[in-house]
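What follows is the residue order along each chain.
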Amino acid sequence: MNGTDALKRYLVFGCSLFLCALGIALVTNARLGTTPITSVPYVLSLLSGLSLGMLTLLVNMVFVVLQMCVMREGLSRKYLVQLPVVMVFSVFIDIAMALTRPLPLDGYPLQMGAVIVGSAILGLGIAFEIVCQVGILPGEGLVVAIAYRTRLMVGNVKTLFDCGHVVAAVILSLVFAGAVLGLREGTVVSALLVGNFVRLSGPLAQRATRLWET
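Report on the accompanying structure. Nothing here was measured: the structure is a model prediction, and the numbers come from that model.

Let's shift gears to the packing of aromatic side chains. Overall, the coordinates contain two aromatic pairs when judged by the stated rule. Judged by centre distance (5.4 Å) and plane angle (90°), the rings of F18 and F92 are edge-to-face. You can see F18 sitting in helix 1 (residues 3-29) and its partner F92 sitting in helix 5 (residues 82-100), a full 74 residues away along the chain. Look at F18 and you get partly exposed, because its relative accessible area is 26%.

In structure tokens form, the structure reads like this:
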């Protein structure tokens, strides 16, 4: 792959991260919950007052450490390269949250519509992120590490990982606020839809690889 093709791949990867952030922000600002993968950062954000992007960065740094523990390895390049990826992603989340916050999402039909559209955008972003094969977010890296160690299918580990996120978010909000924060039916809808949208977006994302294969 020459320099021009590599640049195209990285640009598409950057766009995929922004699409993921935009999808998360749209679901979250619909005020019907948030996506499962951002449930812990979102609850921590509500409890602390820090931005969702900042808490996403901090939580994902913990995921990098957990990856090293699961793989029983020290800090190496494959873990270090995840840090700039999640830093960019976290900045994109805060930008997307600011862009989508003023949207007139009054009324339940519009809110649920935003959840569905946001889930579709998130699924599209994940599909493009996968085909780029440039980098991986620490949360996904931890899923792969656990799957490797347990010999379980990545998809099954991902489902359990997302469920664990939601359970942890519920526990955190109950312990520190005495009520469930930031988790509603939109979280369930997003959990059910995102994987399907990733699958539907796969062919489109695969066609995008022609940008750096021709």
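Okay, back to it.
A separate point is helix 9 (residues 185-208). Over its 24 residues, helix 9 runs 33 Å from end to end, which matches the ideal 34 Å to within 8%, given 1.5 Å per residue. The sharpest bend along helix 9 reaches about 45° and sits at G202, with the proline P203 one to four residues further on. Turning to helix 9, its buried residues number three or more, namely G186, T187, S190, V194, V198, S201, G202, A205 and A208.

Turning to the side chain of S119, a few remarks are in order. By the element assignment, S119 lies in helix 6 (residues 108-132). Classification of S119 as buried rests on a relative accessible area of 0%. Those residues in contact with S119, other than ones at most four positions away along the chain, are V27, S190, L193, V194 and F197.

For soluble globular proteins, the rule of thumb is that nonpolar side chains tend to be buried together. By size, the foremost hydrophobic cluster in this structure holds 27 residues, and its most contacted members are L17, A21, L52, F89, I93 and L137. Elements with a minimum of two residues in this core: helix 1, helix 3 (52-71), helix 5, helix 6 and helix 9. Those residues in contact with L17, other than ones at most four positions away along the chain, are V85, V88, F89, F92 and L137. Counting residues in hydrophobic clusters, the runner-up holds 11 residues, among them V40, V59, F63 and V143.

This paragraph deals with the packing of helix 2 (residues 39-48) against helix 8 (residues 154-177). Contact pair helix 2 / helix 8: the axes reach a minimum separation of 8 Å and the direction vectors enclose 15°. Relative to helix 8, helix 2 is oriented roughly parallel. As helix 2 packs across helix 8, the resulting crossing turns out to be right-handed. Together, S39, V40, V43, L44 and L47 of helix 2 and H165, V166, A168, A169, L172, S173, F176 and A177 of helix 8 make up the contact between the two elements. When the residues that make up the contact of helix 2 with helix 8 are grouped by side-chain class, the tally is 10 nonpolar, three polar and no charged.

In the structure shown here, the tally under the stated rule is five salt bridges. Between D162 and K158 there is a salt bridge; the shortest N-O distance is 3.3 Å. Placement of the pair is D162 and K158 together in helix 8, with a separation of four residues, close to one helical turn. Among the charged side chains, a network of salt bridges with common partners joins E140, K158 and D162.

Parameters and conventions
- Residues numbered from 1 in each chain as written.
- Predicted model: local features only at pLDDT ≥ 70, side-chain atom pairs only at ≥ 80, totals over all residues.
- Heavy atoms only, no water.
- Phe/Tyr/Trp six-rings, centres within 6.5 Å; stacked < 30°, edge-to-face > 60°.
- Helix = DSSP H or I, 4+ residues; strand = E, 2+ residues; numbered from the N terminus.
- Buried < 20%, exposed > 50% of the residue type's maximum accessible area, 1.4 Å probe, protein only.
- Expected span 1.5 Å × (residues − 1).
- Bend = angle between axes of the 7 residues up to and from the residue.
- Contact = heavy atoms within 4.5 Å.
- Core = buried A, V, L, I, M, F, W, Y, C linked by side-chain atoms within 4.5 Å.
- Axes fitted to C-alpha atoms, helices over the stretch in contact; angles between N-to-C directions.
- Parallel < 35°, antiparallel > 145°, perpendicular 65-115°, else oblique.
- Left-handed = near helix turned anticlockwise from the far one by under 90°.
- Nonpolar A, V, L, I, M, F, W, Y, C, P; charged D, E, K, R; others polar.
- Salt bridge = Lys/Arg side-chain N within 4 Å of Asp/Glu carboxyl O.

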